Amino acid sequence: MIPSSAEAVDEQFRFEASHLLDEWSAGPADESAQLAVFDKLAVEIVAGSGARVQDRSGRWYWDLYGGHAVSLIGHAHPLWAAIVGEQARRLPFYSNLTPHPLRAAACRAIVDLAPSNLTRVFLTNSGAEANETALKLARHHTGRTEVIAFEGGFHGRTAGALAVTWNRKYRDYAAPGLGHTRFVPFGVVPEIGEDVAAVIIEPIQSLNGMTTATAEFMHGLREACDKAGALLILDEVQTAWGRLGTPFAADYYGVRADLITGAKSAAGGFPVGVTLVDDAIATRVKPGDQGSTFGAGPLACAAILATHHIVRSEGLMANARFVEQQVRELVSWPVRGHGCLLGIVCPAPSREILPRLRAAGFMAGGSDDPHVLRLMPPLCLPPEAVTEFAAALNATI
Ligand SMILES: Cc1ncc(COP(=O)(O)O)c(C=O)c1O
């Protein structure tokens, strides 16, 4: 077939893009222009396919780290890439000043997936922003200022999100902070006073070492919030979008949340922050109460819709449940968490185990608990990856 001129131009740019990307990626990465805030590994991950990633030398690894719980549908999913690429050719961005059909469809898809009391959504660009939005809405809705947060909880690096983050190694950098937070032990239902706007909780405290809430604790918390007239915010930045084998942790625990926040996997790797809002709160929000330039841009919304479509059409939530079952059967040490968000409590420190696992061809993560190794793989992780990983881990320790 003779290509039309538009197709020929497209083909030419695709060729040029590939050439330029190769040129920009040539040679080892010179990191000197970046603020040195990350302690980086000595391995450069430059490509991915499904549940595997490839380093610069061409070596493949099973990715049980998932780019920090971001890769949900697998790396470089061809349909996701085609949808995002096609939307980039149509209109990458236009602001919230005008309606857009993809924004409407993406928000509808998120609300349809969410528990039925959460009828509206506000989109931003990160988990920290999603939590800031939830805290702002909660304070405004209740007219109260105090927030209860949990020891071990992590909610992001912006000022408001840090104010409810427990570990001082993160919080003290922003000293003196915003205050108005009371930290209480995780797993114990706290006394909630009448000055409390909200309780914010990660149902599974991932960074802390996959400390996992019990159903009894989550339901007790809901009851205590109801009694005090406080709102319950679930920080589902790591647990949402099917990672636990259910759409949200709220579904896993069968507990009603007034606000749910999400990010990481929401758009399969495209930066998106999500704040889901209960109907009673949403109906009192007016134009001008909140805003975001980049939130809910057409490209982000195309990525959200592509991700939702692939999770559903490939039955990935069922596979998340299967991965957990397999890990629990094959690994010799205690396992925390659920679905594709798991912590293995190892007899040796993870900083010793992780390099050995990488040498054996597996990416995994550490945590603030030196003995907890984290697995946050794409939901498409195949059974042979878990079998091989368990054998490597058992041989490593
Ligand atoms: C539970 C939780 N909440 C919030 C955040 C902050 O998300 P972001 O880094 O996208 O701002 C994170 C990031 O790791 C997280 O794990």
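For clarity, every value in this text was computed on a predicted model and none was experimentally measured.

(A) Representation of a nonpolar patch on the surface within the structure. A surface patch of nonpolar side chains, amounting to about 400 Å² of accessible area, comprises L35, V37 and F38. Within the secondary structure, F38 sits in the loop between α1 (5-25) and β1 (45-49).

(B) Up close: empty space enclosed by the protein. Throughout the structure, instances matching the rule amount to one cavity of 30 Å³ or more. By volume, the largest cavity is sized at about 70 Å³. If you go around the largest cavity, the residues you meet are L72, L113, W241, A266, T307, H308, V311, R312 and M317. At four residues, helix α12 (residues 298-313) tops the list of elements feeding residues into the lining of the largest cavity. Looking at side-chain class alone, the lining of the largest cavity contains six nonpolar, two polar and one charged residues.

(C) Spotlight on the layout of surface pockets. When its volume is computed, the second largest pocket comes out at roughly 730 Å³. Taken together, 28 residues make up the lining of the second largest pocket; nearest its centre are C107, R120, V121, F122 and L123. At the level of elements, α4 (101-113), β4 (118-124) and α5 (127-142) are the ones that each hand at least two residues to the lining of the second largest pocket. Classifying every residue of the lining of the second largest pocket gives 14 nonpolar, nine polar and five charged.

(D) How the structure looks around the nonpolar core. Residues L123 and L276 are the most contacted members of the largest nonpolar core, which totals 90 residues. In terms of residue count, α12 provides more of this core than any other element does, eight residues in total. Here this core gathers at least three residues from each of two domains, domain 1 (5-73 + 315-396) and domain 2 (82-313). Those residues in contact with L123 that sit more than four places away from it in its chain are C107, I110, V272, G273, V274, S292, G295, A296, C301 and I304. If you look at the next biggest cluster of nonpolar residues, it comprises 15 residues, including L135, L137, I233 and I281.

(E) A look at the site of the ligand. What surrounds the ligand is the set S126, G127, A128, N131, F154, H155, G156, E202, D235, V237, Q238 and K264. At 2.8 Å from an oxygen atom of the ligand is found a main-chain nitrogen or oxygen belonging to A128. Within the side chain of D235, one N or O atom sits 2.8 Å away from a nitrogen atom of the ligand. Taking 390 Å² as the accessible area of the ligand by itself, protein coverage stands at 81%. Counting residues per element, the shell around the ligand draws most heavily on α5, which supplies three residues. Looking at the shell around the ligand residue by residue, the class counts come to three nonpolar, six polar and three charged.

About the thresholds
- Residues numbered from 1 in each chain as written.
- Predicted model: local features only at pLDDT ≥ 70, side-chain atom pairs only at ≥ 80, totals over all residues.
- Heavy atoms only, no water.
- Patch = residues over 30% accessible without salt bridge, like charges linked within 9 Å, V, L, I, M, F, W, Y side chains within 5 Å.
- Areas by Shrake-Rupley, 256 points an atom, 1.4 Å probe, with all protein chains shown as cover.
- Salt bridge = Lys/Arg side-chain N within 4 Å of Asp/Glu carboxyl O.
- Helix = DSSP H or I, 4+ residues; strand = E, 2+ residues; numbered from the N terminus.
- 1 Å grid on protein atoms, 1.4 Å probe; cavity = no way out; pocket = protein on both sides within 12 Å on 5 of 7 lines; lining within 4 Å.
- Points joined across faces, edges and corners; volume = space filled by probe spheres on them.
- Nonpolar A, V, L, I, M, F, W, Y, C, P; charged D, E, K, R; others polar.
- Core = buried A, V, L, I, M, F, W, Y, C linked by side-chain atoms within 4.5 Å.
- Buried < 20%, exposed > 50% of the residue type's maximum accessible area, 1.4 Å probe, protein only.
- Domains from an automatic or database assignment.
- Contact = heavy atoms within 4.5 Å.
- Near = heavy atom within 4 Å.
- Polar contact = N/O pair within 3.5 Å; in protein donor to acceptor, adjacent residues only side chain to side chain.

What is shown is where atoms sit, not what they do.
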